[in-house]
Amino acid sequence: ARSSVDYAADQVKLDFAVALERRMEQLGVSRAELARRLQTSAAAVTMALRGDANLTIERMVRMARALDATVHIHVEPGRSPGAGGSWTADAAQSA
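Conventions adopted
Residues numbered from 1 in each chain as written. Predicted model: local features only at pLDDT ≥ 70, side-chain atom pairs only at ≥ 80, totals over all residues. Heavy atoms only, no water. Core = buried A, V, L, I, M, F, W, Y, C linked by side-chain atoms within 4.5 Å. Buried < 20%, exposed > 50% of the residue type's maximum accessible area, 1.4 Å probe, protein only. Contact = heavy atoms within 4.5 Å. Helix = DSSP H or I, 4+ residues; strand = E, 2+ residues; numbered from the N terminus.

(A) Summary view of the nonpolar core. In terms of nonpolar packing, the biggest core is built from 19 residues, with Phe16, Leu20, Leu34, Leu49, Leu55, Met63 and Leu67 touching the most fellow members. Apart from residues lying up to four places away in sequence, Leu55 is in contact with Lys13, Phe16, Ala48, Met60 and Met63.

(B) Quick peek at the environment of Ala9. Looking at the secondary structure, you find Ala9 in helix H1 (residues 4–27). Note on Ala9: relative accessible area 36%, which makes it partly exposed. Sequence separation of Ala9 and Gly51 is 42 residues, and the distance between their C-alpha atoms is 9.9 Å.

(C) Spotlight on unusual backbone geometry. The backbone of Gln39 sits at a positive phi, close to 55°, despite the residue not being glycine. One can find Gln39 in the loop between helix H2 (31–38) and helix H3 (42–50). Of note, the phi angle at Asp68 is positive, near 55°, even though the residue is not glycine. Tracing the sequence through the fold places Asp68 in the loop between helix H4 (57–65) and strand S1 (69–74).

These figures capture arrangement, not role.
Spelled out as structure tokens, the structure:
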């Protein structure tokens, strides 16, 4: 059985993927273009966006930087037993 830590980690990965895809949409960047910027395969990008990849902090930062964005990690009081930390990806946006 998976632990509450595993579920919390999966949620952080999902939150990152959603924010990254949102940023890609803002910039009109495809998965193939992001892969080119990261010098990796489109399949590797797809795996990361599905949460199937081992997302290290370094990899998250590289992906965000490829989209002119930053990663911010913070810890806050848990909203449920075993809840993990959460993070936000802030991206510079023009008005």
